[in-house]
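Listed here are the chains, written in short residue letters.
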Amino acid sequence: MHSVRCEIDTEYRGVEWLADLAWRWFTEGAERLEGAAFQELLDSTGLPEDSLRRSIPCGPGGALWGFLSTSTVNRATGRITGRSRVLTRKNLPLLRQWLAGDVQLAELAIYRLDEEGMPGEQWLRIGVARDDSSTDWIRLSVEAPDGRFGSSQQAVWAGLLGDFAREVDPSYAQIGYALSIGRTEHEERVGPPLPSMTLPESRRLLRGYEWLMVVPREIVQALGGAGAIADAGFHRVEELPQGAVLLQVTPGFEDFAGPEIERTWRLLRPALRPGTPKRFSSDAEEWSPPSRIWYADAV
């Protein structure tokens, strides 16, 4: 089983701005994507707080369990402070308090416990990140197993991405398969090796391309404007308030394949970092998510 990842990238605009944005990303995201499970966890009682510090059962087998965590940093000293709690209604307000610090990473996660009461299948992980090496940027993210990403959920995820993208003027956003350390597949197979190396250039060069994505306003203009993208005949093209374009290539996530990948690549190739995508060993490819990029140099 593979995971699907939604990510929105934009510039950092201060502690208070991020605290408000992150709180809404966590609470609205959890409610919209896993409303029933989220409410069940908030109302749960008797989940041991020690389960975050010791290897003990987190609750009865088959129950839902989740956690909240943040890492905040003192930029003057470099000291990092980590905080975590089990996800319950009592503990949720603590997250709002923690977000008032200089957040480096914050997460909310929901799991189904296995027969022994230990975290089994991860249902949802929502994150907000600000890297040490790219502190001028933030990344909002959501990950879930692809088995929990049917057609009805695809519409909900697309709505969540669209609503926040209209607000934050992304330098890039997409919904695609989750890859290591938040890379897009174009970054993984063409480079550079770290997202923190591509974020500073993400208004000039696309980090990648996917089934549903946001092309930033600067690249939209370089491609001839929103009208030129709409003329390409994709499933959905929406110009966002500040000039970026939300592009949905096909109706369903699973339809983004073959000719549709090539057609997307041809439209966006002037804004892609050049280089021929590499293929990995057969063993690595077997365990990787299905490849969804076009194997040609953008030059």
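Scroll up to find the structure.
Throughout, residues of each chain are indexed from 1 in the direction in which the sequence is written. Whole-chain, interface and lining totals are the exception, using all residues; otherwise, since this is a predicted model, local features are given only for residues with pLDDT of at least 70 and side-chain atom pairs are given and counted only at 80 or more. Hydrogens and water are ignored here; the side-chain numbers use all heavy atoms of the structure.

(A) Structural context of the overall build of the chain. Numbering of helices and strands starts at the N terminus; helices are DSSP runs of H or I of at least 4 residues and strands are runs of E of at least 2. Counting its regular elements, the chain contains nine helices and ten strands. Its C-alpha radius of gyration of 20 Å places the chain within 12% of the 19 Å reference for a compact globule of 299 residues. On the principal axes, the C-alpha backbone points of the chain span a range of 55 × 45 × 35 Å. With 299 residues in all, the chain has 53% of them scored as buried. Accessible areas in this description were obtained via Shrake-Rupley with a 1.4 Å probe; residue shielding takes into account the shown protein chains only. For the chain, the exposed surface amounts to about 12,900 Å²; the carbon and sulfur share of it is 51%. Radius of gyration means the value over C-alpha atoms here, while the globule rule gives 2.2 Å times the residue count to the 0.38 power. Each residue's exposure class comes from its accessible area (1.4 Å probe, protein chains only) as a fraction of the maximum for that residue type: buried when under 20%, exposed when over 50%, partly exposed otherwise.

(B) Spatial organisation of the sheet that holds strand β6 (residues 137–145). Pairing between strands requires that DSSP locate at least two bridges from one strand to the other. One open sheet holds the ten strands; their spatial order is β3-β2-β4-β5-β6-β1-β7-β8-β10-β9, and the pairing between them is antiparallel. Across the chains shown, the open sheet's two edge strands, defined by having one partner strand only, are β3 (80–86) and β9 (236–239). Strand-to-strand, the axes of this sheet are offset by a mean angle of 15°, without reference to chain direction. By the bridge criterion, four bridges tie strand β8 (residues 212–215) to strand β10 (residues 245–248) in an arrangement that is antiparallel. The partner of Val215 across the bridge, within β10, is Val245. Here an angle of 0 to 180 degrees is reported between the N-to-C directions of two axes, which are lines fitted to C-alpha atoms, with helices fitted over the stretch in contact.

(C) Spotlight on a nonpolar patch on the surface. Taken together, the side chains of Ile181, Leu194 and Met197 define a hydrophobic patch exposed on the protein surface, amounting to about 270 Å² of accessible area. If you trace the backbone, Leu194 turns up in the loop between α4 (185–190) and α5 (195–198). When its relative accessible area of 38% is taken as the criterion, Leu194 is described as partly exposed. Like charges are joined within 9 Å and nonpolar side chains (Val, Leu, Ile, Met, Phe, Trp, Tyr) within 5 Å, but only among residues with over 30% relative accessible area and no salt bridge; these make up the patches. Salt bridge, as used here: a side-chain nitrogen of Lys or Arg that lies within 4 Å of a carboxyl oxygen of Asp or Glu.

(D) Region of the structure containing the pattern of salt bridges. What the rule picks out here adds up to 32 salt bridges. For Arg53, the salt bridge identified is with Asp50, shortest N-O distance 2.9 Å. Since its relative accessible area comes to 30%, Asp50 is described here as partly exposed. Measuring nitrogen to oxygen at the nearest pair gives 3.1 Å for the salt bridge that ties Asp102 to Arg75. Of this pair, Asp102 sits in the loop between α2 (92–98) and β4 (103–113) while Arg75 is found in the loop between β2 (64–73) and β3, placing the two residues 27 residues apart along the sequence. Linked through salt bridges whose partners overlap, the residues forming this network are Arg5, Glu7, Asp9, Glu143, Glu187 and Arg207.

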